[in-house]
Amino acid sequence: MKLRQAIVVLMSAQGQPAPDIAHLLKVTEDYVRDVIHAFKERGFDALNPK
């Protein structure tokens, strides 16, 4: 899970749109947006498992 979240953040930082990231990783666009939003709010702490 942590690796997938890190990939989402990296791809987003490289300018990939959420729908493309979701398609490549076989996750929902909502998941991608949630990960990006959490990372923007909490930084790297958002990547730690709960």
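Please refer to the structure placed before this passage.
Residues numbered from 1 in each chain as written. Predicted model: local features only at pLDDT ≥ 70, side-chain atom pairs only at ≥ 80, totals over all residues. Heavy atoms only, no water.

(A) Local environment of the packing of helix α1 (residues 2-13) against helix α2 (residues 18-25). Orientation of α1 relative to α2, taken along the N-to-C sense of each, is 145°, at an axis distance of 10 Å. Crossing hand, α1 versus α2: right-handed. For the pair α1 and α2, the contacting residues are Arg-4, Ile-7, Val-8, Met-11 and Ser-12 in the first and Ile-21, Leu-24 and Leu-25 in the second. Of the residues assigned to the contact of α1 with α2, the class counts are 6 nonpolar, 1 polar and 1 charged. (Axes fitted to C-alpha atoms, helices over the stretch in contact; angles between N-to-C directions. Helix = DSSP H or I, 4+ residues; strand = E, 2+ residues; numbered from the N terminus. Left-handed = near helix turned anticlockwise from the far one by under 90°. Contact = heavy atoms within 4.5 Å. Nonpolar A, V, L, I, M, F, W, Y, C, P; charged D, E, K, R; others polar.)

(B) Quick peek at unusual backbone geometry. One non-glycine residue, Lys-26, lies in the positive phi region at around 60°. Residue position: Lys-26 is located in the loop between α2 and α3 (29-42). Classification of Lys-26 as exposed rests on a relative accessible area of 75%. (Buried < 20%, exposed > 50% of the residue type's maximum accessible area, 1.4 Å probe, protein only.)

(C) How the structure looks around the side chain of Gln-5. Following the sequence through the fold, Gln-5 ends up in helix α1. Gln-5 sits in the buried class, given a relative accessible area of 15%. With sequence-adjacent residues up to four places away left out, Gln-5 is seen in contact with Tyr-31, Val-35, Ala-46 and Leu-47.

(D) Layout of α1. For α1, with 12 residues, the first-to-last C-alpha span of 17 Å sits near the 16 Å given by 1.5 Å per residue. Along α1, the residues classified as buried are Gln-5, Val-8, Val-9 and Met-11. Projection of α1 onto a plane perpendicular to its axis shows the buried side chains occupying an angular sector of 165°, all on one side. Summarising the geometry of α1, the exposed residues directed more than 90 degrees from the buried face are Leu-3 and Ala-13. (Expected span 1.5 Å × (residues − 1). Arc of directions from axis to C-beta.)

In short, geometric facts, not functional conclusions.
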